Amino acid sequence: MSERDGKLYLGQVLSGYRLEEQVGRGGFATVLKARRESDGASVALKVLRTKHRGKFRAERQLMREARILKKLRHPKIVSCVDFGRQGPWVFMAMPLIEGEVLSRALSRGPLAESVALDCARQILEALEYLHGKGLVHQDVKPDNVLRGPRGDCTLFDFGLALTREDVLIGRTGVGPGRVAGTGSYRAPEQAAPKGIVGTAADIYAFGITLHRLLTGALPAQISPSTDSEVAAASELSSEEGRSSAALSSELQALINSCLAELPRERPTARALRRSLG
């Protein structure tokens, strides 16, 4: 990173946060470890990537995510401690959480069943809370769940989240049509520009996530949409993964219920959590 090419650089102080190292990067934003100069606390700073800087829609999306997280208080959901702008940079500060995203863990193969189910229960706790607030995450997947050294899971990346008001506008049919979510985890209603998206979309994505945690691969009827998922499917075919046939009939039935074509036929997060319990 260098200042001359208009990018952030390590050691730079951004709105009171000294940048220390890059810890994550997506198509939309970069996440940097930073130290708050006022008290020395370490935070994760989410900053728009250079190509999105100055673009109203991208900046609004990051600020919207920060405002949503500011209102949430749950141990399984990342929080926002600060957000704002300095010069051309829009940022959001979150607590720095140690751990590994589940997608990285899956690169080594499926999780032990007990671990997978424990992660699943924690994800459902987060979704039950979100859905009770009228929120839809819209991008539940292993890439967006961090597992800490003690097994604690945290759901993050709320950039696509829908509020209760968004859901109501969608139901009226007057909102702008858009396809959201990640291909392999996208519910049928999310794939339709005018689809009515609600909390059931998160349940669909959860079902696919649970299958991946247990087997290392996507369900047979779901086509991979990323390189890591293609690799996982290849590993499964070479017997490095765990076959769907190895799942108990109860787990397979639970996953199938999440993948129901019609949103109203999918169970709620609360019902699923009780079933797993």
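Residues numbered from 1 in each chain as written. Predicted model: local features only at pLDDT ≥ 70, side-chain atom pairs only at ≥ 80, totals over all residues. Heavy atoms only, no water.

Draft legend 1. Representation of the pairing of strand 5 (residues 82–86) within the structure. Across five bridges, the pairing between strand 5 and strand 6 (residues 89–95) is antiparallel. Paired with D82 across the two strands is A93, which belongs to strand 6. Two successive antiparallel strands, strand 5 and strand 6, enclose a turn made up of two residues, where G87 displays a positive phi of approximately 60°. (Pairing = 2+ DSSP bridges. Helix = DSSP H or I, 4+ residues; strand = E, 2+ residues; numbered from the N terminus.)

Draft legend 2. Expanded view of the nonpolar core. Ranked by internal contacts, the top residues of the largest apolar core, which has 64 residues, are L72, L127 and F206. Take this core: its biggest share by element is 10 residues, from helix 3 (residues 113–132). Once residues lying within four places of it in the same chain are set aside, the contact partners of L127 are V140, L155, D202, F206 and A269. One finds A34, W89, F91 and A93 within the second-largest nonpolar core, a separate group that totals 12 residues. (Core = buried A, V, L, I, M, F, W, Y, C linked by side-chain atoms within 4.5 Å. Buried < 20%, exposed > 50% of the residue type's maximum accessible area, 1.4 Å probe, protein only. Contact = heavy atoms within 4.5 Å.)

Draft legend 3. Fine view of the pattern of salt bridges. The full count for this structure, using the stated rule, is 12 salt bridges. E20 is the partner of R35 in a salt bridge, and the nearest nitrogen-oxygen pair spans 2.9 Å. Here the residue R35 occupies a position in strand 3 (residues 29–36), and E20 occupies one in strand 2 (residues 17–25), the gap between them amounting to 15 residues. The class for R35 is partly exposed, based on a relative accessible area of 34%. One salt bridge connects D139 with K141, and the closest N-O pair in it is separated by 3.8 Å. You can call K141 buried: its relative accessible area is 12%. One connected set of salt bridges, linked through shared partners, spans K46, E65 and D157. (Salt bridge = Lys/Arg side-chain N within 4 Å of Asp/Glu carboxyl O.)

Draft legend 4. Up close: the sheet that holds strand 8 (residues 145–147). As summarised here, the arrangement of the three strands in space is 7-8-9, forming an open sheet in which the pairing is antiparallel. A strand with exactly one partner marks an edge of an open sheet, and here the two such strands are strand 7 (100–101) and strand 9 (153–155). Sheet topology note: the strand 7/strand 8 ladder contains two bridges and is antiparallel. Within the sheet, the bridge partner assigned to E100 lies in strand 8 and is R147.

Draft legend 5. Quick look at the environment of R274. Inspection of the secondary structure puts R274 in helix 9 (residues 269–276). The class of R274 is exposed, set by a relative accessible area of 59%.

Draft legend 6. Region of the structure containing the sheet that holds strand 6. Strand order in the open sheet made by the six strands is 1-2-3-4-6-5, with antiparallel pairing throughout. Every other strand in the sheet has two partners, leaving strand 1 (13–14) and strand 5 as the edge strands with one partner each. Most of the contacts of helix 1 (residues 56–70) go to strand 6, to which it runs at about 25°, and overall it touches strand 4 (42–48), strand 5 and strand 6. (Axes fitted to C-alpha atoms, helices over the stretch in contact; angles between N-to-C directions.)

Draft legend 7. Main features of unusual backbone geometry. Although it is not a glycine, Q138 adopts a positive phi angle of roughly 75°. Residue position: Q138 is located in the loop between helix 3 and strand 8. Its relative accessible area of 6% is what places Q138 among the buried residues. The backbone of D157 sits at a positive phi, close to 60°, despite the residue not being glycine. Following the sequence through the fold, D157 ends up in the loop between strand 9 and helix 4 (164–172). On the basis of relative accessibility, which here comes to 26%, the residue D157 falls in the partly exposed class.

Draft legend 8. Here's a closer look at the packing of helix 3 against helix 9. Following both chains from N to C, one finds helix 3 and helix 9 inclined at 155°, their axes separated by 8 Å at the closest point. Overall, the two elements helix 3 and helix 9 adopt an arrangement that is roughly antiparallel. For helix 3 against helix 9, the interelement crossing comes out left-handed. Here L117, A120, R121, L124, E125, L127, E128 and H131 of helix 3 lie close against helix 9, whose contacting residues are A269, R270, L272, R273 and L276. (Parallel < 35°, antiparallel > 145°, perpendicular 65-115°, else oblique. Left-handed = near helix turned anticlockwise from the far one by under 90°.)

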